[in-house]
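What follows is the residue order along each chain.
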Amino acid sequence: MAASLIDGAALSRQVLGEMRTQAAALSAAGVRPGLAAILIGADPASEIYVRNKTRACEEAGVHSELHRFASDCSESEVIDLIARLNADINIHGILVQLPLPRQLNTQRILQTVRPEKDVDGFSWVNLGALVAGGPALAPCTPLGIMTMLEREGIEIEGRDAVVIGRSVIVGKPIALMLIARGATVTVCNSKTRDLGLYTSRADIVVVAAGKPGVVNGAMLKRGAVVIDVGINRLPNGKLAGDVDFDSAAAVASRITPVPGGVGRMTVAMLISNTVNAARQIAAAAGAR
Ligand code: NAD
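A. Expanded view of the site of the ligand. In the vicinity of the ligand, 21 residues are found, and the nearest of them are R166, S167, N189, S190 and T266. Here V229 contributes a backbone N or O atom positioned 3.3 Å from a nitrogen atom of the ligand. Within the backbone of G263, an N or O atom sits 3.5 Å from a nitrogen atom of the ligand. Starting from 850 Å² of accessible surface for the ligand in isolation, the protein chains cover 73%. When residues in the shell around the ligand are grouped by element, the largest group, three residues, is from helix α10 (residues 262–287). Broken down by class, the residue content of the shell around the ligand amounts to nine nonpolar, 10 polar and two charged.

B. Up close: the pattern of salt bridges. Counted by the stated rule, this structure contains eight salt bridges. As a salt-bridge pair, R108 and E75 come within 2.6 Å of each other at their nearest N and O atoms. Here the residue R108 occupies a position in helix α4 (residues 106–110), and E75 occupies one in helix α3 (residues 75–87), the gap between them amounting to 33 residues. E116 is the salt-bridge partner of R114, the closest N and O atoms lying 3.4 Å from each other. In this structure E116 comes out as partly exposed when scored by relative accessible area, which is 42%. Several salt bridges share partner residues, and in doing so they unite R159, D203 and K221 into one network.

About the criteria used
Residues numbered from 1 in each chain as written. Predicted model: local features only at pLDDT ≥ 70, side-chain atom pairs only at ≥ 80, totals over all residues. Heavy atoms only, no water. Near = heavy atom within 4 Å. Polar contact = N/O pair within 3.5 Å; in protein donor to acceptor, adjacent residues only side chain to side chain. Areas by Shrake-Rupley, 256 points an atom, 1.4 Å probe, with all protein chains shown as cover. Helix = DSSP H or I, 4+ residues; strand = E, 2+ residues; numbered from the N terminus. Nonpolar A, V, L, I, M, F, W, Y, C, P; charged D, E, K, R; others polar. Salt bridge = Lys/Arg side-chain N within 4 Å of Asp/Glu carboxyl O. Buried < 20%, exposed > 50% of the residue type's maximum accessible area, 1.4 Å probe, protein only.

The values reported here are purely geometric and, on their own, carry no functional implication.
Okay, here's the thing in structure tokens:
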């Protein structure tokens, strides 16, 4: 293996340690950051994600509460709860664990969250601010990737970056963030005819397709930085990313593992957004 690992587990511990200090300072000033998670149904993966987020809150000294609904709940029940949490002075972040059961309109629910408490960064206000380059609560996974690149001292300005995937959660926002930092960005999707044509000239490759092995070493430029966002459960029960790790690591200079890479940073950024939201909400209340 030529590439060295970008250790998402270690970086996320570092971020959570910083958040613990910041949350303690806010708590001492009378504002303990608080996160409310809403979990609908009993999807096993969602259960694990919410448990990890609750644990990270504990690690950072952030108050957390979990609100559960049965999978056949109505949209108005969920929206009523969000309205209450929007007004709750002890809650600074609200997250709705996705995916939602079919009968619920995901966008109608997500857009009910007050933008100042939208710690997942999915409200139109926060996504719009990302496009315009304004201050925003940014989506956690792309924010985690940018934090990794920055803390590892990986140059972005002037580099060629390829993003594989164009979702609102990962592909589009990470492309915007890389553009804002001066990269030349190409965004590929499932209709892209020759993925290798783009990946083979990229200095930074971010892969968020949800397809194991969609990128391998033969498709990469020597020395590329490879960020694997994918989380796939293989038939043998193991977790795998979207990148064929062994062949990619033989060519790349830096690479993220799965697990222990981007996923860990996503959780750390949720806590960071919650602490920042608490600070901003408290400052706005003080200024009134
Ligand atoms: P999505 O299904 O919404 O989007 C996938 C995107 O990949 C689409 O834009 C599609 O066009 C593109 N795509 C699919 N196959 C492709 C191919 N062969 N070539 C090029 N593009 C292709 O998925 P998402 O929500 O963006 O998530 C992507 C992956 O990242 C999933 O595995 C998901 O589990 C994972 N994920 C991980 C984290 C984390 O914290 N690590 C967070 C969010 C998502």
